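Notes for the structure review
Listed below are the residues making up each chain.
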Amino acid sequence: MVNKRIGIYPGTFDPITFGHLDIIKRSLKIVDDIIIGIADNINKTSLFSISERSELIKNDIKSAFNHNSNIQIKKVSGLLTDFSKKNNATCIIRGLRAVSDFEYEFQMTGMNFQLNPNIETVFLMSSDKNSFISSNFVKEVHKLGGDVSNFVSQNTIINLDKKNN
Ligand code: COA
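Before going into details, it helps to say that this report is about the structure given with it. This one's a predicted model, so the numbers in the text were calculated from it and none came from an experiment.

The rules behind each value
- Residues numbered from 1 in each chain as written.
- Predicted model: local features only at pLDDT ≥ 70, side-chain atom pairs only at ≥ 80, totals over all residues.
- Heavy atoms only, no water.
- Near = heavy atom within 4 Å.
- Polar contact = N/O pair within 3.5 Å; in protein donor to acceptor, adjacent residues only side chain to side chain.
- Areas by Shrake-Rupley, 256 points an atom, 1.4 Å probe, with all protein chains shown as cover.
- 1 Å grid on protein atoms, 1.4 Å probe; cavity = no way out; pocket = protein on both sides within 12 Å on 5 of 7 lines; lining within 4 Å.
- Sits in = over half its atoms within 2 Å of the grid points.
- Helix = DSSP H or I, 4+ residues; strand = E, 2+ residues; numbered from the N terminus.
- Nonpolar A, V, L, I, M, F, W, Y, C, P; charged D, E, K, R; others polar.
- Buried < 20%, exposed > 50% of the residue type's maximum accessible area, 1.4 Å probe, protein only.
- Arc of directions from axis to C-beta.
- Contact = heavy atoms within 4.5 Å.

Here the focus is the site of the ligand. Among the 26 residues in the neighbourhood of the ligand, the closest are listed as Thr12, Lys44, Tyr104, Ser135 and Asn136. One of the side-chain N or O atoms of Lys44 is found 2.6 Å from an oxygen atom in the ligand. When the free accessible area of the ligand is taken as 940 Å², the share hidden by the protein chains comes to 86%. When atom positions are compared with the pocket grids, the ligand is found to occupy the largest pocket. Taken together, the elements giving at least two residues each to the shell around the ligand come down to strand 1 (6–11), helix 1 (18–27), helix 4 (99–115) and helix 5 (135–143). It is helix 4 that provides the largest number of residues to the shell around the ligand, a total of four residues. Split by residue class, the shell around the ligand holds ten nonpolar, 13 polar and three charged.

Regarding helix 6 (residues 154–164), the residues found buried are Thr156, Ile157 and Leu160. The buried residues of helix 6 occupy an angular sector of 100 degrees when projected down its axis, which confines them to one face. Residues of helix 6 that are exposed and point over 90 degrees away from its buried face: Gln154 and Lys162. Check the buried side of helix 6 and you find it contacts helix 2 (50–64) and helix 5.

With that settled, the discussion passes to the environment of Gly19. Looking at the secondary structure, you find Gly19 in helix 1. We classify Gly19 as buried; its relative accessible area is 10%. Taking the C-alpha atoms as reference points, Gly19 and Arg97, separated by 78 residues in sequence, lie 9.2 Å from one another. Excluding anything up to four places from it in sequence, Gly19 contacts Asn130 and Ile133.

Written out as structure tokens, the structure is:
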């Protein structure tokens, strides 16, 4: 029997957007199982706690996928490469939105490769309509009263409302 290919899709997901969901959907064409790894980026301050982010992801996954038994959500503690190894992942999946993402992703991939050369990073280009979404913009636009319903789910909007009131 052929071993299952497990991909890790890591990110801050503060909060998850339609752009992330699109990458998750498309990743399932190249891996059998996907683990959404919620990590804290030490250079960012998060609005939602890890458990709140996990609940938001769980809710969106349930609405977006009929069969979701091949999608898991886990917290990444420590290094992503160690987390990937512990979970028997064959690859790390990242979305690329614009050329501006490239340099940062290039450096991160290089560092991860030095830490564990057995794990490859695979990039998927964001689809056009998602290429300008970022969690920070969603939070800023929502805070200033803008409509973010094209970027995040209604459930996420309700939770953003709670944070802003
Ligand atoms: N559609 C829409 N938006 C997208 C997207 C897509 N397909 N892909 C990424 N984004 C956005 C995110 O919303 C996020 O926006 P923000 O900056 O406004 O929050 C931004 O692009 C990039 O964030 P994300 O994909 O969440 O990555 P990150 O840079 O915040 O996280 C980690 C990077 C978590 C993967 C990295 O910090 C990590 O691996 N941490 C674990 C510790 C570790 O191993 N460190 C060493 C790394 S070398």
